Amino acid sequence: MRALSTEAKIAVIGAGAMGAGIAQVAAQAGHSVTLYDMRDGSAAQAIDAIDRQLGKRVEAGKLDADKRTATVARLKAADSIESLADSGLVIEAIVEDLDVKRRLLTQLEALCSAECILASNTSSLSVTALAAGLQHPERVVGMHFFNPAPVMALVEVVSGLATSRATARCIHSTAAAWGKKPVHTRSTPGFIVNRVARPFYAESLRALQEGVADCATLDALMRDAGAFRMGAFELTDLIGHDVNYAVTYSVFNAYYNDMRFQPSLMQKELVDAGHLGRKSGQGFYRYDADAEKPRADELSADSPVETCVVEGSLGVADGLIERIKAAGITVIQRDGRGLLRVGDAVVALSDGRMACQRSQEEGQANLILIDLAKDYANASRLGLSYAKGTSSEALDQVVSLLAKCEIKASLLADTPGLIVLRTVAMLANEAADAALHNVGSAADIDLAMCAGLNYPLGPLAWADQIGLPAVLKTLINLQGAYGEERYRPSLLLRRHVAQGSRFHD
Ligand code: NAI
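Residues numbered from 1 in each chain as written. Predicted model: local features only at pLDDT ≥ 70, side-chain atom pairs only at ≥ 80, totals over all residues. Heavy atoms only, no water.

Novice: So what's going on with the side chain of asparagine 429? Which residues, and what values?
Specialist: On the secondary structure map, asparagine 429 appears in helix H16 (residues 420–436). For asparagine 429, the contacting residues outside a window of four places in its chain are Arg260, Leu475, Arg488, Pro489, Ser490 and Leu493. (Helix = DSSP H or I, 4+ residues; strand = E, 2+ residues; numbered from the N terminus. Contact = heavy atoms within 4.5 Å.)

Novice: Explain the site of the ligand to me, using residue names and the numbers behind them.
Specialist: Around the ligand lies a shell of 21 residues, among which Met18, Asp37, Glu96, Lys101 and Asn121 are the nearest. Contacts to the ligand include aspartate 37, whose side-chain N or O atom sits 2.6 Å from an oxygen atom. Note that a nitrogen atom of the ligand is positioned 3.2 Å from one of the backbone N or O atoms of methionine 38. In the complex, 75% of the free accessible area of the ligand, which totals 840 Å², lies under the protein chains. Where the shell around the ligand is concerned, the elements lending two or more residues are helix H1 (17–28), helix H4 (98–111) and strand S6 (140–145). For the shell around the ligand, the per-class residue count stands at 10 nonpolar, seven polar and four charged. (Near = heavy atom within 4 Å. Polar contact = N/O pair within 3.5 Å; in protein donor to acceptor, adjacent residues only side chain to side chain. Areas by Shrake-Rupley, 256 points an atom, 1.4 Å probe, with all protein chains shown as cover. Nonpolar A, V, L, I, M, F, W, Y, C, P; charged D, E, K, R; others polar.)

Novice: Tell me about the sheet that holds strand S9 (residues 307–311), and name the residues and values.
Specialist: Judged by pairing direction, the sheet is mixed, and its seven strands sit side by side in the order S10-S9-S11-S12-S13-S14-S15 without closing on themselves. Both edges of this open sheet fall to strand S10 (330–334) and strand S15 (408–411), since each of them pairs with a single strand only. Looking at each pair of strands side by side, their axes are set apart by 30° on average, direction ignored. Each of strand S14 (381–386) and S15 is contacted by helix H9 (residues 215–224), which is oriented at about 125° to S14, the strand it contacts most. Sheet strands touched by helix H13 (residues 319–326): S9, S10, strand S11 (339–342) and strand S13 (367–370). Its angle to S10, the strand with the most contacts, is close to 140°. (Pairing = 2+ DSSP bridges. Axes fitted to C-alpha atoms, helices over the stretch in contact; angles between N-to-C directions.)

Novice: Please give an account of the pairing of strand S2 (residues 33–36) that cites residues and values.
Specialist: Burial along S2 is two-sided: the face carrying Val33 and Leu35 and the face carrying Thr34 and Tyr36 are both buried. Sheet topology note: the strand S1 (residues 10–13)/S2 ladder contains four bridges and is parallel. If you follow isoleucine 10 over to S2, its bridge partner there is valine 33. Taking the sense of rotation as the criterion, the β-α-β connection linking S1, H1 and S2 turns out right-handed. Both S2 and strand S3 (residues 75–78) contribute to a ladder of four bridges, which runs parallel. Considered in S3, the bridge of tyrosine 36 is made with alanine 78. (Buried < 20%, exposed > 50% of the residue type's maximum accessible area, 1.4 Å probe, protein only. Right-handed = clockwise from strand over helix to strand, strands pointing away.)

Novice: Any chance you could break down the sheet that holds strand S5 (residues 117–120) for me, citing the residues and the numbers?
Specialist: Taken in spatial order, the eight strands make up an open sheet running S3-S2-S1-S4-S5-S6-S7-S8, and their pairing is mixed. Of all strands in the sheet, those with a lone pairing partner are S3 and strand S8 (181–186), marking the two edges. Sheet twist, expressed as the mean angle between neighbouring strand axes with direction ignored, is 25°. Summarising the sheet, S6 and strand S7 (residues 154–159) pair through four bridges and their orientation is antiparallel.

That is the geometry; function is a separate question.
Structural data, given as structure tokens:
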């Protein structure tokens with residue numbers, strides 16, 4: 001199905017943060033756009049604000065002055081909803097309330113032609129429920145932009161039970177023609193992004209609650225080893241804990257209290273205290289003028305390290321070996337089960353077991369576990385944990401080896417799956433379940449997480465890179481350690497492992 005032609009008039013209802021951004025996107029793409037808001041003057045104010053914003057881009061040399069003039073000329077404020085009657089597409093971005101949105105859609109259905117597509121920018125309501133009771137529910141579709149709409153590339157095209165394929169395809173093509181990266185998804189709680197992202201917050205919140213490390217250290221590991229733009233604490237402080245907690249809570253409720261989505265009491269306490277993050281001046285961090293940004297913990301040691309022994313393959317952590325060699329350390333390679341020996345220390349990539357458990361099960365003294373890094377050849381920090389009884393000399397050896405490779409070592413308590421590995425394994429697991437339930441294709445799920453949240457790699461592609469047997473083992477070990485169904489592996493992951501296939505083949 002082709003995109004709407006630029007001849008088609010677009011109406012945007014609700015001139016708040018999202019509506020204004022969407023109107024700008026459609027006008028920039030060449031459509032005449034009418035913006036309507038029930039509050040008098042809001043639509044005109046929003047257009048003025050767009051004009052000023054584009055003006056700044058012109059001054060910065062990022063936009064042609066002609067383009068600014070043409071875009072703003074295509075935007076018109078309407079004082080009544082009746083003036084939207086000749087639109088080819090109406091996108092509503094009004095208050096997030098099912099009844100209010102339904103009343104608006106009923107009113108639009110009576111007003112607009114039968115061909116007009118009615119799209120909702122809802123981030124949490126069911127598109128199926130929004131369309132229920134309308135005469136033509138097949139032309140109702142979710143068109144979920146991300147904030148700020150002119151900047152964020154992702155658009156989730158959400159099909160409700162009655163949405164026709166033609167409608168969904170037309171909106172997909174239209175979003176692509178507007179320069180966006182659209183994905184198809186079904187109307188299920190959280191769609192793709194707000195569902196699959198839950199473990200990103202949940203695993204860090206749990207680690208903090210269990211005293212695995214402080215916020216600054218966990219955030220630094222997610223950035224410097226995980227290659228995420230921000231860690232969970234700085235990100236939720238930015239989003240606002242009221243908003244982030246409400247999304248988690250609504251997804252948890254909508255999935256009938258599936259413990260995989262269980263909200264965090266620690267975050268609820270912040271909400272209760274009014275510590276909403278940056279906007280209130282305090283969240284996990286403080287934002288007042290004299291607040292000092294806490295530093296991530298780092299171990300330091302300077303033991304002489306000249307050689308190390310690598311036994312077998314370190315799997316996804318093999319990139320470390322080249323780095324050790326480049327640091328001038330002799331690497332002796334021999335067969336084995338994937339261990340690195342430095343002096344008395346035995347180093348292994350976490351497999352989701354606690355170091356104490358693994359040390360006991362494998363009869364391994366001085367066992368030090370390392371966390372996952374997105375790219376061991378370039379990571380600037382790694383998380384470590386060790387089994388009780390490990391000598392301080394063994395730890396010094398490992399920290400010194402990493403220091404020679406210019407990798408900072410941050411110590412975590414002896415916890416299953418450390419922080420990056422457990423988070424990525426859980427993101428991949430959620431993504432796998434979303435794919436299993438046909439919420440989106442593997443390609444669309446990965447694209448959504450990268451384009452919507454700037455993840456460094458889609459969770460499914462990342463799991464392929466780690467190796468699906470290793471991801472499955474991590475989840476099984478996490479589930480064993482906690483005894484909780486929260487960590488139950490997705491059937492799709494198990495199936496791929498049993499078949500020897502991957503998410504992206
Ligand atoms: P907002 O509160 O900034 O703007 C909503 C606007 O709609 C207000 O100007 C209000 O006067 C107007 N409005 C309310 N009821 C109306 C009605 N019956 N008819 C006409 N105008 C009406 O809200 P925001 O943040 O722009 O969100 C709008 C929608 O977009 C919601 O459905 C929200 O869930 C969704 N969304 C929000 C995102 C965000 O980050 N803020 C991201 C993606 C989706």
